[in-house]
Amino acid sequence: VPLQAYGGGLVQAGGSLRLSCAASGSIFRTYHMGWYRQTPGKQRDLVARITTAGSTYYGDSVKGRFTISRDNANNAVYLQMNSLNPEDTAVYYCNAVNHFSNVNYWGQGTLVTVSS
């Protein structure tokens, strides 16, 4: 399921951004979706995840500030990011994991830069 992430950019601290990830294919609803982020020299960390049933999970550093949602009718997942701070600066990646097979897909990253 090819993934296309977009919506990154430059924002001032305290601002908001909304990332979107569009997936192709007719079985989007069978995939758990997630957002990860990575900075140079560091591992890719989970930011938020939403299951096929709509359950959500957030990394500790973004709880209360970020919201993940999905639109199965439009094969899309979103990440609303509020109260951004410079530590949120990273390349954000969209991820899909098939509920049945655990096959894993990654989209290309989108860069989020938060200025202080």
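Definitions and limits used
- Residues numbered from 1 in each chain as written.
- Predicted model: local features only at pLDDT ≥ 70, side-chain atom pairs only at ≥ 80, totals over all residues.
- Heavy atoms only, no water.
- Buried < 20%, exposed > 50% of the residue type's maximum accessible area, 1.4 Å probe, protein only.
- Helix = DSSP H or I, 4+ residues; strand = E, 2+ residues; numbered from the N terminus.
- Pairing = 2+ DSSP bridges.
- Phe/Tyr/Trp six-rings, centres within 6.5 Å; stacked < 30°, edge-to-face > 60°.
- Lys NZ or Arg CZ within 6 Å of the ring centre and 35° of its normal.
- Axes fitted to C-alpha atoms, helices over the stretch in contact; angles between N-to-C directions.
- Core = buried A, V, L, I, M, F, W, Y, C linked by side-chain atoms within 4.5 Å.
- Contact = heavy atoms within 4.5 Å.
- Polar contact = N/O pair within 3.5 Å; in protein donor to acceptor, adjacent residues only side chain to side chain.

Student: Explain the pairing of strand β4 (residues 31-38) residue by residue, including any values.
Tutor: With respect to burial, β4 is a largely interior element, 7 of its 8 residues being buried. For β4 and strand β9 (residues 90-98), the ladder comprises 8 bridges, and the chain directions are antiparallel. Considered in β9, the bridge of Gln38 is made with Val91.

Student: I'd love a proper account of the packing of aromatic side chains, names of residues and values included.
Tutor: Inspection of every chain in the model, using the stated rule, returns 3 aromatic pairs. Aromatic pair Tyr93 and Trp106: ring centres 6.5 Å apart, planes at 90 degrees, arrangement edge-to-face. Residue Tyr93 is located in strand β9, and its partner Trp106 is located in strand β10 (residues 104-106); the two are separated by 13 residues in the primary sequence. By the ring-pair criterion, three or more aromatic residues cluster together here, those being Tyr36, Tyr93 and Trp106. Its end group placed over the ring of Tyr93, Arg44 keeps NZ or CZ at 3.6 Å from the ring centre. Between Arg44 and the ring centre of Trp106, over which it is positioned, the NZ or CZ distance is 4.6 Å.

Student: Please set out the sheet that holds strand β3 (residues 17-23) residue by residue, giving values where relevant.
Tutor: Within the open sheet, the 4 strands sit side by side as β1-β3-β8-β7. Their pairing is antiparallel. Each end of this open sheet is capped by a strand with a single partner; those strands are β1 (3-6) and β7 (66-71). Adjacent strand axes in the sheet meet at a mean angle of 15 degrees when their direction is disregarded. Here 6 bridges tie β3 to strand β8 (residues 76-81), and the two strands are oriented antiparallel to one another. Along β8, the bridge assignment pairs Leu17 with Met81.

Student: An account of the nonpolar core is requested, with residue identities and associated values reported.
Tutor: In summary, soluble globular proteins display a tendency toward joint burial of nonpolar side chains. If you look at the biggest cluster of nonpolar residues, it comprises 29 residues, and the most contacted ones within it are Met33, Trp35, Leu79, Met81 and Tyr92. Among the elements of the structure, β1, β3, β4, β5 (45-50), β7, β8, β9 and β11 (110-115) are those that each provide at least two residues to this core. When residues no more than four places from it in sequence are discounted, the contact partners of Tyr92 are Leu19, Trp35, Tyr36, Arg37, Val47, Phe66, Leu79, Met81, Gln108, Gly109, Thr110 and Val112.

Student: I'd like a description of the side chain of Asn98, backed by residues and values.
Tutor: With respect to the element layout, Asn98 can be found in strand β9. Among the polar contacts listed, one links the side chain of Asn98 to the side chain of Thr30, at a separation of 3.5 Å. Not counting the four nearest positions on each side in its chain, Asn98 is found in contact with Thr30, Tyr31 and Val103.

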